[in-house]
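Descriptive structure summary
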Amino acid sequence: MTSRAEHDLMANAIRALAMDAVEQAKSGHPGLPMGAADIATVLFGRFLKIDPSDTAWPDRDRFVLSAGHGSMLLYALLHLTGHPGMPIDEIKKFRQMGSKTPGHPENFITKGIETTTGPLGQGLGNAVGMAIAERHLNAVFGTETVDHYTYVLTSDGDLMEGISQEAIALAGHLKLSRLIVLFDDNGISIDGKLSLSDSVDQVKRFEACGWAATRVDGHDPEAIAAAITAAQKSDRPTLIACRTTIGYGAPTKAGSEKSHGSPLGTEEIKGVREKLGWSAAPFEIPADVLKLWRDAVQRGKDAHKAWTARLEKLDSAKRNEFQRRMRGDLPAEKLAAAVHAVKQRLAADPKEIATRIASEQSLEALVPALAEMIGGSADLTGSNNTRPKGMPTLSAADYAGRFIHYGIREHGMAAAMNGMALHGGVIPYSGTFLVFSDYCRPSLRLAALMGERVIHVMTHDSIGLGEDGPTHQPVEHLAALRAIPNLHVFRPCDTVETIECWQIALETKQTPSVLALTRQNLPQLRLSLDEKNRCLEGAYEIVPAATPAMVSIFASGSEVAIAVEARKFLREKGVIARIVSVPCFELFLARTAAEREEVIGDAPVKVAVEAAIRQGWDAIIGADGVFVGMTGFGASGPYKELYQHFGITAQQVAAAALERLGKS
């Protein structure tokens with residue numbers, strides 16, 4: 001156990017690195033690292049189970065800096081604890097191009113960082129997902145294999161964001177006792193004192209959500225340690241509100257918004273050094289202080305060694321399955337067999353069903369084959385069809401279950417899914433309506449940025465949902481989602497494409513997916529058994545033309561059937577047309593120019609049909625192409641009447657093509 005003097009040296013090392021790095025960069029947030037240094041020193045120095053030589057060790061404790069603006073706290077800790085990817089030169093390059101120390105923590109840039117944070121509240125939501133994954137894998141593989149904590153350092157801003165309520169309510173409901181949140185309660189925001197905008201008693205708030213919650217002096221290491229010890233013994237998640245002084249040690253800016261998001265300045269830094277008794281030059285850590293930090297992580301290295309020995313004693317089948325799941329590898333043969341079985345059944349007995357039902361039938365085959373799939377829904381299970389028969393509920397009473405009732409918490413659900421994927425060992429999928437992708441968007445964007453395999457089933461994908469009307473009918477949402485880099489947006493046209501899209505989503509390790517699915521029934525257009533996954537092409541000719549086509553009609557989802565019907569009307573007028581299904585823009589646009597040109601073809605008239613806005617389609621049909629779809633919001637009524645009202649019909653598609661050909 002370290003003495004108070006040793007603790008102060010360790011904490012002041014964090015403060016010095018933070019203020020010097022921010023000063024050199026002329027940009028950053030020194031206040032949080034300086035104020036929370038005592039909290040971090042106690043956590044990393046006495047409790048956190050990590051091994052800097054192996055940042056992917058499955059049974060390490062997870063530490064999430066939800067207050068990502070205080071990133072220098074995390075970078076300082078990585079350097080001080082001896083992470084090989086964080087030498088002092090990287091600290092000196094804080095916020096510079098190509099460094100391992102970007103403005104906010106990025107887990108895909110820097111080893112030792114568990115998740116990408118910055119948008120406030122997201123890290124807390126991710127941590128809930130990590131804690132869910134830990135409890136689930138513990139229930140499946142046993143305490144000897146999975147037994148760790150998830151710690152979060154959170155700020156006032158994190159707790160003011162709405163996502164925080166969704167996250168803490170879910171965590172309390174699930175009794176995630178391995179989740180411990182350390183609240184840097186400094187009473188300051190960018191605008192000034194927190195009292196300008198907020199008067200919530202966070203301890204009472206968390207208690208109301210089923211948490212254990214307490215307050216401590218955030219500069220008293222023994223009080224912090226005692227609170228963490230108590231939290232580790234709790235049967236509920238725990239909030240520890242640590243009262244701190246932002247910019248601790250700064251002679252004129254401590255306790256003020258002036259230390260929040262700006263460099264302290266040379267004179268203020270000189271005053272900090274004098275006040276804290278820190279005489280080392282910028283970016284220099286005395287050898288005795290560095291040794292204190294390096295000795296502190298030996299505990300984690302010893303735990304890692306003991307865990308490895310336990311893992312080796314496991315039954316080989318269980319050990320191999322655990323390692324496979326933590327690597328994120330799929331049981332390829334089982335997946336292929338499941339997909340083949342679905343396709344074979346559909347070839348023998350074609351189905352005219354909604355793609356949301358087709359998705360459920362796909363899951364009936366996929367979930368038993370892939371034990372790592374953890375499903376859920378935002379209180380729309382019967383509408384999203386994300387729970388196949390017999391899938392047990394994951395609850396506080398049974399963490400081995402595989403279906404999570406997230407409640408009406410789309411944002412918290414999406415953030416938790418990111419955390420589950422980041423933890424490893426599970427593939428999360430969930431369901432809501434496509435129009436509510438707006439609630440999920442911040443988390444979806446971060447999943448795409450981080451390259452995480454999360455799968456969002458989003459049903460009721462157009463005006464085809466009918467009577468619920470324009471508040472629930474997505475119009476701009478497909479375009480908005482397609483605008484996010486590294487996000488696959490799938491819109492299958494029938495049962496066969498649905499299972500193919502599921503297969504791609506599962507097999508794509510570093511890209512999140514959205515499956516946009518219909519409420520209304522659709523005919524099965526692909527009737528023969530095709531072992532090839534055509535959806536991998538992004539777009540493909542689903543109905544070819546026997547002779548050179550005069551018209552190419554491109555469509556996605558429910559409008560592919562309309563396009564096929566329009567072809568018949570055109571044929572009656574002596575016009576040859578071909579139909580191209582476009583289940584995934586992103587996969588199509590990733591193909592070579594020559595491949596795209598072959599699919600697009602050289603028909604003089606190109607028509608796109610989608611019950612959504614035009615945005616994005618010009619990449620396929622060109623700016624002079626014909627678009628049949630939506631130009632505004634929908635309306636309430638039976639879906640067939642809505643399609644007639646908005647002119648998204650086979651007759652209208654044919655008429656538009658004929659008009660462009662000059663044959664109307």
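Located above this text is the structure these notes cover.
Below is a summary of the structure that appears in this document. In this text, all values refer to a predicted model and were calculated from it rather than measured experimentally.

**Overview of the pairing of strand β1 (residues 62-65)**
- On β1, burial covers both faces: Arg62 and Val64 on one face and Phe63 and Leu65 on the other are all buried.
- Pairing of β1 with strand β2 (residues 150-154) involves 4 bridges; the strand directions are parallel. When the sheet's bridge partners are listed, Leu65 is paired in β2 with Leu153.

**Focus on the packing of aromatic side chains**
- Tallied over the full model, the rule gives 12 aromatic pairs.
- Between Trp57 and Trp307, the aromatic rings sit 6.3 Å apart at their centres with planes inclined by 65 degrees, giving edge-to-face as the arrangement. Of this pair, Trp57 sits in the loop between α3 (37-47) and β1 while Trp307 sits in helix α13 (residues 298-313); the two residues are 250 residues apart in sequence, bridging distant segments of the chain.
- Judged by relative accessible area, Trp57 falls into the buried class, the value being 0%.

**A word on the pattern of salt bridges**
- Following the criterion strictly, the structure yields 34 salt bridges and no others.
- The salt bridge partner of Arg46 is Glu222, with a shortest N-O separation of 2.8 Å. Of the two residues, Arg46 sits in helix α3 while Glu222 sits in helix α10 (residues 221-232), which places them 176 residues apart along the sequence.
- Residue classification places Arg46 among the partly exposed positions, given a relative accessible area of 21%.
- Overall, Glu222 belongs to the partly exposed group, its relative accessible area being 38%.
- For Arg178, the salt bridge goes to Asp147, with nearest N and O atoms at 2.6 Å. Within this pair, whereas Arg178 is found in the loop between α8 (162-173) and β3 (179-185), its partner Asp147 is found in the loop between α6 (122-141) and β2, the two being separated by 31 residues in sequence.
- Residue Arg178 is classed as buried on the basis of its relative accessible area, which comes to 17%.
- One connected set of salt bridges, linked through shared partners, spans Asp461, Arg482, Arg491, Glu559 and Glu610.

How each quantity is defined
Residues numbered from 1 in each chain as written. Predicted model: local features only at pLDDT ≥ 70, side-chain atom pairs only at ≥ 80, totals over all residues. Heavy atoms only, no water. Buried < 20%, exposed > 50% of the residue type's maximum accessible area, 1.4 Å probe, protein only. Helix = DSSP H or I, 4+ residues; strand = E, 2+ residues; numbered from the N terminus. Pairing = 2+ DSSP bridges. Phe/Tyr/Trp six-rings, centres within 6.5 Å; stacked < 30°, edge-to-face > 60°. Salt bridge = Lys/Arg side-chain N within 4 Å of Asp/Glu carboxyl O.

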